Amino acid sequence: MNASTRFLNPAEAARRLGVSAKALRLYEQRGLVAPARNAAGWRSYSPDEMTRGAEIVALRALGLSLAQVARVLAGDAATLESALAAHQAALEGRARQLTETIGKVRHLRTDLAQGRAPTAEALTQLLGAAARIDVEFELPWPWGGELFRLRDVRPLNYIVGPLGSGKTRLALRITETLPSAAFLGLERLKGGNAVARLDADTALRSRVEQTLAWLADDGATVSDALIALLAGLENQGPAALVVDMVEQGLDSATQQAVSAHLRRRGPDAQPLFLLTRSCVILDLAAVGADESIIFCPANHSPPSRVAPWPGAPGYEAVASCLASPEVRARTQGVIAWRPQVA
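Predicted, not measured: the structure shown is a model, and the values here were computed from it. (Residues numbered from 1 in each chain as written. Predicted model: local features only at pLDDT ≥ 70, side-chain atom pairs only at ≥ 80, totals over all residues. Heavy atoms only, no water.)

**Observations regarding the overall build of the chain**
The helix and strand inventory of the chain stands at 13 helices and ten strands. When burial is assessed residue by residue, the chain has 42% of its 342 residues classed as buried. A separation threshold of at least 6 residues defines the contact pool for the chain, and within that pool the share at least 24 residues apart is 68%. (Helix = DSSP H or I, 4+ residues; strand = E, 2+ residues; numbered from the N terminus. Buried < 20%, exposed > 50% of the residue type's maximum accessible area, 1.4 Å probe, protein only. Contact = heavy atoms within 4.5 Å.)

Right, here's the structure in full:
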């Protein structure tokens, strides 16, 4: 293996590890990785450093802070045991739910074999907490009242479309239609709305500070815009949340950290609808089974789901809507309160 394949520059190393280059620099500052320097003085990541980086990413995925990661890498078995115990408990909880569901299916099949058809209520209960939302509503202008059925709502949903396509109107109608849903608009970036909410709700403030610390460890820049966004995302009141231009005011590294954080929430999380034009927030190559893309065409054809692979109907149109965050103007919020992030 030659040097060009064995040693990676920071951008390529970060891409392969699934973190931002800023996060990789932060790992270095904390002494977790120690990249070599090539003849020109640039950082260069060897296979050993990439293995170390993969260990850090895996430990972070278990819920450890960078300080805890450092202790585990130094041989602290107690910290790792605690994280693994929590992970095991979560997996066992899912296993119990799956076992219960299998039992319900077996019971329904037995009834069906004996000529007793299951009721609609029994079939609905079969899915339990993991049941997907399925709603139908009339589309607002410019679609002229056409019916739109939103099937199998996922925990993470992206709404994409060119300017003037009606995506904001669609987002507002989704907010009106879904039970107990809330809309988090761009007004979050103005005034002291987030400050007032955090000052009035100490539990919310604690959750925001905890998430900020996590995101900062992943390379995010703590800013007024990020605090305002998290004040909405960490609010446990709404059953579903629709967020207007989630990337507004966030640099690329922060968007990447936020995107990774939202993906870690799991399949039973509160449904989120994210309006976005960012190729970092909506990385088409990373869309998973718990995510969906809703595209609003420029010609005011009805919105539709788009599959995240090249060649799928609407894929190229979605890709063209994802403008680079570096060239888009960013709104700065005016929020006085700043948390202490270790």
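Here the narrative resumes, following the displayed structure.
**Some remarks on the sheet that holds strand β5 (residues 156–160)**
The strands making up a sheet are joined through hydrogen bonds of the backbone, oriented either antiparallel or parallel. Ordered in space as β6-β7-β8-β5-β9-β10, the six strands form an open sheet in which the pairing is mixed. Looking at the sheet topology across the chains shown, the edges are occupied by β6 (181–184) and β10 (304–305). Across three bridges, the pairing between strand β7 (residues 240–243) and strand β8 (residues 272–275) is parallel. Bridging across to β8, V242 finds its partner in F273. Those strands touched by helix α11 (residues 224–233) are β6, β7 and β8, and its axis lies near 155 degrees from that of β7. Against the sheet, helix α12 (residues 252–263) engages β5, β8 and β9 (291–295), with an angle of about 135 degrees to β5. (Pairing = 2+ DSSP bridges. Axes fitted to C-alpha atoms, helices over the stretch in contact; angles between N-to-C directions.)

**So, α11**
The buried count for α11 comes to ten of ten residues, which makes it a mostly enclosed element. Where the residues of α11 are buried, they touch β6, α9 (193–200), α10 (202–217), β7, α12 and β8.

**Quick notes on the layout of surface pockets**
The volume enclosed by the largest pocket comes to roughly 840 Å³. Lining of the largest pocket is provided by 35 residues; of these, A61, G63, W214, H261 and R264 occupy positions nearest its centre. Elements that contribute at least two residues to the lining of the largest pocket include exactly α4 (47–61), α5 (66–73), α6 (77–113), α10 and α12. Residue composition of the lining of the largest pocket, by class: 16 nonpolar, eight polar and eleven charged. The space that makes up the second largest pocket amounts to roughly 690 Å³. Lining the second largest pocket are 26 residues, and of these G18, V19, S20, Q256 and A260 sit closest to its centre. Looking at the lining of the second largest pocket, the element that brings in the most residues is α12, giving seven residues. Here the residues of the lining of the second largest pocket are counted per class, giving 15 nonpolar, five polar and six charged. (1 Å grid on protein atoms, 1.4 Å probe; cavity = no way out; pocket = protein on both sides within 12 Å on 5 of 7 lines; lining within 4 Å. Points joined across faces, edges and corners; volume = space filled by probe spheres on them. Nonpolar A, V, L, I, M, F, W, Y, C, P; charged D, E, K, R; others polar.)

**Remarks on helix α3 (residues 21–29)**
When we look at burial in α3, the residues that qualify are A23, L24, L26 and Y27. The arc enclosing the buried residues of α3, seen along the axis, measures out at 160 degrees, which places them on a common side. At its buried positions, α3 is contacted by α2 (10–17), α4, α5 and α10. The first or second residue beyond α3 is G31, which carries a positive phi of 80 degrees. (Arc of directions from axis to C-beta.)

**Overview of the pairing of β7**
Burial of β7 is two-sided: the residues A240 and V242 facing one way and the residues L241 and V243 facing the other way are all buried. By the bridge criterion, four bridges tie β6 to β7 in an arrangement that is parallel. Paired with L184 across the two strands is V243, which belongs to β7.

**Things to note about the packing of α2 against α4**
Two numbers describe how α2 lies on α4: the axes approach to 10 Å, and their chain directions differ by 45 degrees. Classed by the angle they form, the pair α2 and α4 counts as oblique. When the axes of α2 and α4 are compared, the crossing they make is right-handed. Residue-level contacts link A13, R16 and L17 of α2 to M50, G53, A54 and V57 of α4. Here the contact of α2 with α4 is built from residues that sort into five nonpolar, one polar and one charged. (Parallel < 35°, antiparallel > 145°, perpendicular 65-115°, else oblique. Left-handed = near helix turned anticlockwise from the far one by under 90°.)

**Side note on the nonpolar core**
Core analysis: the largest hydrophobic core is formed by 42 residues, its most contacted members being L274, L282 and I293. Ranked by residues supplied to this core, first place goes to α11 with eight residues. If sequence neighbours within four positions are ignored, L282 has contacts with Y158, V160, T276, V287, I293, V318 and L322. Counting 20 residues, the second largest nonpolar core, distinct from the first, contains A14, V19, L24 and L59. (Core = buried A, V, L, I, M, F, W, Y, C linked by side-chain atoms within 4.5 Å.)

**Structural notes on the pairing of β8**
Alternating residues of β8 divide into L272 and L274 and F273 and L275, and every residue in both groups is buried. As judged from the four bridges shared by β5 and β8, these two strands associate in the parallel manner. When the bridges of β8 are listed, L156 appears paired with L272. For the segment spanning β7, α12 and β8, crossover handedness is right-handed. (Right-handed = clockwise from strand over helix to strand, strands pointing away.)

**Some thoughts on the packing of aromatic side chains**
Summed over all chains, the structure comprises one aromatic pair. Both rings, one in F137 and one in F148, keep their centres 5.6 Å apart while their planes meet at 65 degrees; by these two values the pair is edge-to-face. Of the two residues, F137 is situated in strand β3 (residues 133–138) and F148 in strand β4 (residues 147–153); the sequence distance between them amounts to eleven residues. F148 shares its class with F137; the two are buried. (Phe/Tyr/Trp six-rings, centres within 6.5 Å; stacked < 30°, edge-to-face > 60°.)

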